[in-house]
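Residue-level listing of the chains:
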Amino acid sequence: GAVVSQHPSWVICKSGTSVKIECRSLDFQATTMFWYRQFPKQSLMLMATSNEGSKATYEQGVEKDKFLINHASLTLSTLTVTSAHPEDSSFYICSARVGGRGETQYFGPGTRLLVL
Amino acid sequence: LAKTTQPISMDSYEGQEVNITCSHNNIATNDYITWYQQFPSQGPRFIIQGYKTKVTNEVASLFIPADRKSSTLSLPRVSLSDTAVYYCLVGVPTGFQKLVFGTGTRLLVSP
């Protein structure tokens, strides 16, 4: 199957700083990538849909100015948590899908963010 | 988007067959049914996908009745390493269509 990587796998930062998380499709081109957030013992919550070369589409309740998404190439999407606060501490997971084919989504390993 | 309903949790023992059923009454004509497995602190892993009848791969089988309003994931002879959360998702797996995760089923396999 296709491989999706994320970097970093975990990050600890101080409140008020910004954190960038990278999502890469390693062996395929992804026209669409998705960003999820998962709190302990809960399901994955879709945050936004990222399309290469265009603005991301955010789910209701997700602040676009706080969670900046950039999908500059067919293999890379980034999520920047701006001015992070302790309540942003969570497990962030990206997924990628090859456009135009009957493929399913392939998920990255996730990034654990802890804001102190 | 079709909503899915699964049992919150299930218990089993090693070597048994486990069947997890998912209800999706509002499934649309073009929707596929996809199951994922997730271990703690890892991203979901694709298990199986189907549209109708039965699909089988090396790890599981997926049974879908004619009305497609439910589906059953069957795990043969589970082991301790199958302890995980299993998610049933319904949607169109192509293009820009998004998939929304439900609550999932937490499977605990005991010795």
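Note that this is a predicted model, so its numbers are computed, not measured.

Basis of the calculations
- Residues numbered from 1 in each chain as written.
- Chains lettered and ligands numbered in written order.
- Predicted model: local features only at pLDDT ≥ 70, side-chain atom pairs only at ≥ 80, totals over all residues.
- Heavy atoms only, no water.
- Helix = DSSP H or I, 4+ residues; strand = E, 2+ residues; numbered from the N terminus.
- Buried < 20%, exposed > 50% of the residue type's maximum accessible area, 1.4 Å probe, protein only.
- Contact = heavy atoms within 4.5 Å.
- Areas by Shrake-Rupley, 256 points an atom, 1.4 Å probe, with all protein chains shown as cover.
- Lys, Arg positive; Asp, Glu negative; His and termini not counted.
- Charge placed at Lys NZ, Arg CZ, Asp CG, Glu CD.
- Pairing = 2+ DSSP bridges.
- Axes fitted to C-alpha atoms, helices over the stretch in contact; angles between N-to-C directions.
- Phe/Tyr/Trp six-rings, centres within 6.5 Å; stacked < 30°, edge-to-face > 60°.
- Lys NZ or Arg CZ within 6 Å of the ring centre and 35° of its normal.
- Salt bridge = Lys/Arg side-chain N within 4 Å of Asp/Glu carboxyl O.
- Core = buried A, V, L, I, M, F, W, Y, C linked by side-chain atoms within 4.5 Å.

**Re the overall build of chain A**
Moving on, step 1. Helix and strand counts for chain A stand at zero helices and eleven strands.
Moving on, step 2. For chain A, the α and β elements follow one another from N to C terminus as β-β-β-β-β-β-β-β-β-β-β.
Moving on, step 3. Once the C-alpha set of chain A is aligned to its principal axes, its extents read approximately 40 × 25 × 20 Å.
Moving on, step 4. Here chain A holds 116 residues, and 53% of them are scored as buried.
Moving on, step 5. Taking the contacts inside chain A whose residues are at least 6 apart along the sequence as the reference set, 55% of them involve residues at least 24 apart.
Moving on, step 6. Carbon and sulfur atoms make up 53% of the accessible area of chain A, which amounts to about 5500 Å² in all.
Moving on, step 7. Averaging the positions of the 11 positive and the 9 negative side-chain charges in chain A gives two centres separated by 3 Å.

**Examining the sheet that holds strand β3 (residues 19–25) of chain A**
All names here are of chain A.
Moving on, step 1. The strand order β1-β3-β8-β7 describes an open sheet built from four strands, whose pairing is antiparallel. One side of each edge strand has no neighbouring strand; the edge strands of this open sheet are β1 (4–7) and β7 (67–73). Each strand axis lies, on average, 15 degrees off the axis of its neighbour in the sheet, ignoring direction.
Moving on, step 2. Looking at chain direction, β1 and β3 are connected through four bridges and run antiparallel. The partner of Gln6 across the bridge, within β3, is Cys23.

**Comments concerning the pairing of strand β8 (residues 84–91) of chain B**
All names here are of chain B.
Moving on, step 1. Burial of β8 is extensive: eight of the eight residues sit out of reach of the surface.
Moving on, step 2. Alternating residues of β8 divide into Ala84, Tyr86, Cys88 and Val90 and Val85, Tyr87, Leu89 and Gly91, and every residue in both groups is buried.
Moving on, step 3. In terms of strand pairing, strand β3 (residues 32–38) meets β8 through seven bridges, oriented antiparallel. From the neighbouring strand, Gln37 faces β8, where its bridge partner is Tyr86.
Moving on, step 4. Judged from the three bridges that link them, β8 and strand β9 (residues 105–110) form a sheet pairing that is antiparallel. Residue Tyr86 lies in a different strand from β9, and its bridge partner there is Thr105.

**Some thoughts on the packing of aromatic side chains**
Moving on, step 1. Under the criterion given, the structure shown has ten aromatic pairs over all chains.
Moving on, step 2. Taken together, the ring pairs in this structure connect Tyr36(A), Phe107(A), Tyr36(B), Phe46(B), Tyr87(B) and Phe101(B) into an aromatic cluster.
Moving on, step 3. A cation over an aromatic ring shows up here: Arg68(B) above the ring of Tyr51(B), its NZ or CZ 4.0 Å from the ring centre.

**Quick word on the pattern of salt bridges**
All names here are of chain A.
Moving on, step 1. Applying the stated criterion across every chain yields a total of two salt bridges over all chains.
Moving on, step 2. Between Glu22 and Arg24 there is a salt bridge, and its shortest N-O distance comes to 3.4 Å.
Moving on, step 3. Taking the relative accessible area as the measure of exposure, Glu22 reaches 23% and is therefore partly exposed.
Moving on, step 4. Arg24 sits in the partly exposed class, given a relative accessible area of 34%.
Moving on, step 5. Residue Lys66 pairs with Asp88 through a salt bridge whose shortest N-O separation is 2.9 Å. A residue pair is termed long-range when its members are at least 10 positions apart, and Lys66 in the loop between β6 (57–58) and β7 and Asp88 in the loop between β8 (76–81) and β9 (90–97) qualify at 22 residues.

**Here we look at the sheet that holds strand β1 (residues 9–13) of chain B**
Residue and element names in this part refer to chain B.
Moving on, step 1. Spatial strand order, β1-β9-β8-β3-β4: five strands in an open sheet with mixed pairing. Each edge of the open sheet is held by one strand with a lone partner, namely β1 and β4 (45–50). For this sheet, the mean angle separating the axes of adjacent strands, direction not counted, is 25 degrees.

**Re the pairing of strand β2 (residues 18–23) of chain B**
Residues and elements named next belong to chain B.
Moving on, step 1. The alternating pattern of β2 places Val18, Ile20 and Cys22 on a buried face, while none of Asn19, Thr21 and Ser23, on the opposite face, is buried.
Moving on, step 2. Pairing geometry for β2 and strand β7 (residues 70–75), over six bridges, is antiparallel. Residue pairing across strands places Asn19 opposite Ser74, the latter belonging to β7.

**Structural notes on the nonpolar core**
Moving on, step 1. Of all hydrophobic cores here, the largest spans 25 residues; its most connected members are Val4(A), Trp35(A), Phe67(A), Leu79(A), Tyr92(A) and Leu113(A).
Moving on, step 2. Of all the secondary structure elements, the ones that give two or more residues to this core are β2 (10–13), β3, β4 (32–38), β5 (45–51), β7, β8, β9 and β11 (111–115) of chain A.
Moving on, step 3. The residues contacting Phe67(A), other than those within four sequence positions of it, are Arg37(A), Met47(A), Tyr58(A), Val62(A), Leu79(A), Thr80(A), Val81(A), Asp88(A) and Tyr92(A).
Moving on, step 4. One finds Cys22(B), Ile27(B), Ile64(B) and Leu107(B) within the second-largest nonpolar core, a separate group that totals 20 residues.

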